[in-house]
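Examination of the molecular architecture
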Amino acid sequence: MITDRSVFRDDWLPDVQHREAEMTVLTDALTPVLEGDRAEDVLLHGPQGVGKTVLTRAALDRLNRQQPTPSAHVHCLGASTAGIVRSILQELPGSDPARTTPQEELIATLQERVSEPTVVVLDEGDDLPETDILDVLRGVPDISWIAICHDEIDWLSRVDESIRHGLTDRSLQLDKFTTSELTDILEARQRVGLEGGAISREQLRMLADGAAGVARRGIFALRAAAELATERGHTTIEDVDVEDSFDRARRQLREQALESLPLHHHILYEIIRRKGEVRTAAINDRYEAIAAVVYDGRNQTPISKRERRTKLQKLVDYNLIGRRDEERKRVYWACDRSISSPLDLQVPVP
DNA sequence: TCTCCACAGGAAACGTAGGAAT
DNA sequence: ATTCCTACGTTTCCTGTGGAGA
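I will try to describe carefully the structure that is included in this document. (Residues numbered from 1 in each chain as written. Chains lettered and ligands numbered in written order. Predicted model: local features only at pLDDT ≥ 70, side-chain atom pairs only at ≥ 80, totals over all residues. Heavy atoms only, no water.)

Observations regarding the protein's contact with DNA strand C
Cut-off, in case you're wondering: A molecule or strand has a residue near it when one of that residue's heavy atoms lies within 4 Å. Any N or O atom pair separated by 3.5 Å or less is treated as a polar contact, with the protein-specific requirement of one donor-capable and one acceptor-capable atom, and with residues adjacent in sequence counted only for side-chain atom pairs. Think of it this way: any DSSP run of H or I at least four residues long counts as a helix, any run of E at least two long counts as a strand, and we number them from the N terminus. All residues other than Ala, Val, Leu, Ile, Met, Phe, Trp, Tyr, Cys, Pro, Asp, Glu, Lys and Arg, Gly among them, are scored as polar; the first ten of these are nonpolar and the last four charged.
In the vicinity of DNA strand C lie 16 residues, with Ser80, Gln103, Ser304, Glu307 and Lys311 positioned nearest. In this structure, histidine 264 approaches DNA strand C through a side-chain N or O atom, which is 3.1 Å from a phosphate oxygen. In this structure, a phosphate oxygen belonging to DNA strand C sits 2.9 Å away from a side-chain N or O atom of lysine 311. Of all the secondary-structure elements, those providing two or more residues to the surface near DNA strand C are α3 (81-91) and α14 (305-317). The dominant element in the surface near DNA strand C, judged by the number of residues it contributes, is α14, at three residues. Counted by class, the surface near DNA strand C contains three nonpolar, seven polar and six charged residues.

Okay, here's the thing in structure tokens:
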């Protein structure tokens, strides 16, 4: 039933639909490059999964077809200033810098290497105002940036006045799609990714409706529906497959998030998942009780309480665990207890 | 109201891997 | 081969918060 799985992946670049106005703002911002000038900076903001990254990639793709332009797409979440500069250098032509190259030297290399208009995409840039990266980029005359974040007000409140001023008219909001817009988007994906006639327009509308305007959710659900239909021996996708697709899609999104995290997070996640609702102190007790066994032979050592708090925060950010403060207790629980760590952890059952 | 306690999270300090210089 | 240097992940230290109990 699925003829091309790559269509459902995050890195698939579709023809952008229902973002004409936004696309115009972006392409206008990039237009100076065609004259050999630096592009305008842009801030792109909106909820997760509504196509901010896709729109940016599409705009750069369009620019590249008119005028090949160096660009770098950097994931900034949790990265230091030096880390971001290093990622940019890795994407631009030239040799990659060594792991321990001093920050000052990285910046000097960037200034030397960039001699024509270059666009840097700062994805997942919510924490950017805390780093010096915008100042660093300002020191490279040919570099312009497109920052992608969730909360515009928060982001702008933390950058300095000159940057805020430079963004006037170039702070671009992407809202959730309407059901009919998202139906169109799913229609286009299924045309490429599924056998002809596998799904009806009405079923696509149901998927779009269930995804509540979040494109990534809808796309994952479309794939999940096709997978369910195949497993159940249906020749085309049936309504029951669509109904059951949301659960599977949600699971797949969470599994993907968990897989992307390192060992310590998996161990903490498994402790919480197996216990149901659990207090911080109980997590720590359990962690300390099993640490020796779980870390054995893994080339890593148990982490301190303080660092566990940081890891737990990340699990919350990734929507893998929930958290609530009540009285003097902070309580954690797994958002979906059926999702287990793919690592083969020797977490003993209490 | 005051003191004690447990915990959260910010900031500084620390240890280590690995590349460069000698 | 040895020494030096840096980024990064982590630990240590510390301050703030808020409920419990005197």
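There's plenty left to go through after this.
Quick look at the sheet that holds strand β1 (residues 42-45)
What counts, and what does not: Strands qualify as paired when DSSP identifies two bridges or more between them. The convention used is that axes are lines fitted to C-alpha atoms, helices contributing only their stretch in contact, and that angles between N-to-C directions extend from 0 to 180 degrees. Contact criterion: two residues are considered in contact whenever any of their non-hydrogen atoms come within 4.5 Å of each other.
Read across the sheet, five strands follow the order β2-β3-β4-β1-β5 without closing on themselves; strand pairing throughout is parallel. Edge positions in the sheet fall to β2 (71-75) and β5 (171-173), since each of these pairs with one other strand and no more. For this sheet, the mean inter-axis angle between neighbouring strands, taken without regard to orientation, is 15 degrees. With respect to the sheet, helix α1 (residues 20-30) is in contact with β1, β3 (118-123), β4 (143-149) and β5, its orientation differing from that of β5 by roughly 155 degrees. Against the sheet, helix α2 (residues 52-66) makes contact with β1, β2, β3 and β4, and its axis sits at roughly 155 degrees relative to β4, the strand it touches most.

Observations regarding the environment of arginine 62
For clarity, the threshold we go by: Relative accessible area decides the class of each residue, using a 1.4 Å probe on protein chains only: under 20% of the type maximum gives buried, over 50% gives exposed, and in between gives partly exposed.
With respect to the helices, strands and loops of the structure, arginine 62 is situated in helix α2. Look at arginine 62 and you get partly exposed, because its relative accessible area is 41%. For arginine 62 and leucine 30, which are 32 residues apart along the polypeptide, the C-alpha to C-alpha distance reads 10.0 Å. Residues in contact with arginine 62, not counting those within four places in the same chain, are Met23 and Thr27.

Things to note about the pairing of strand β8 (residues 329-334)
Bridge analysis of strand β6 (residues 278-279) against β8 gives two bridges, and the strand direction is antiparallel. Bridge pairing links arginine 279 to valine 331 in β8.

Section: the protein's contact with DNA strand B
All residues in the neighbourhood of DNA strand B are listed as Ala98, Arg99, Thr100, Thr280, Ala281, Arg306, Arg309, Arg328 and Arg330. The sugar-phosphate portion of DNA strand B accounts for 57% of its atoms within 4 Å of the protein, the bases making up the rest. Within the side chain of threonine 280, an N or O atom sits 2.9 Å from a phosphate oxygen of DNA strand B. The separation between a base nitrogen of DNA strand B and a polar side-chain atom of arginine 306 is 2.9 Å. Listed by contribution, the elements that provide at least two residues to the surface near DNA strand B are α13 (280-295) and α14.

Thoughts on the pairing of β1
A two-sided burial pattern is seen for β1, the buried positions comprising Val42 and Leu44 on one face and Leu43 and His45 on the other. As paired strands, β1 and β4 are joined by four bridges and run parallel to one another. Opposite valine 42, over in β4, you have isoleucine 146 as the bridge partner. For β1 and β5, the ladder comprises three bridges, and the chain directions are parallel.

Some details on the packing of helix α8 (residues 179-193) against helix α10 (residues 215-231)
Using the following cut-off: Here is the rule for angles: anything less than 35 degrees is roughly parallel, anything more than 145 is roughly antiparallel, 65 through 115 is roughly perpendicular, and the remaining ranges are oblique. Crossings are classed by handedness, with left-handed meaning an anticlockwise turn of the near helix from the far one by less than a right angle and right-handed meaning a clockwise turn.
Interaxial distance between α8 and α10 falls to 10 Å at its minimum, and their mutual angle equals 40 degrees. Here α10 runs oblique to α8, going by the angle between their axes. Handedness of the crossing formed by α8 with α10: right-handed. Facing α8, whose interface residues are Leu182, Leu186, Arg189 and Gln190, α10 presents Ala215, Gly218, Ile219 and Leu222. Looking at side-chain class alone, the contact of α8 with α10 contains five nonpolar, two polar and one charged residues.

Observations regarding the packing of α3 against helix α4 (residues 103-113)
The contact between α3 and α4 brings their axes to 10 Å, and the two run at 35 degrees. Here α3 runs over α4; the crossing is left-handed. Contacts between α3 and α4 involve Thr81, Ala82, Val85, Arg86, Ile88 and Leu89 from the former and Gln103, Leu106, Ile107, Thr109, Leu110 and Arg113 from the latter. Taken together, the residues of the contact of α3 with α4 sort by class into seven nonpolar, three polar and two charged.

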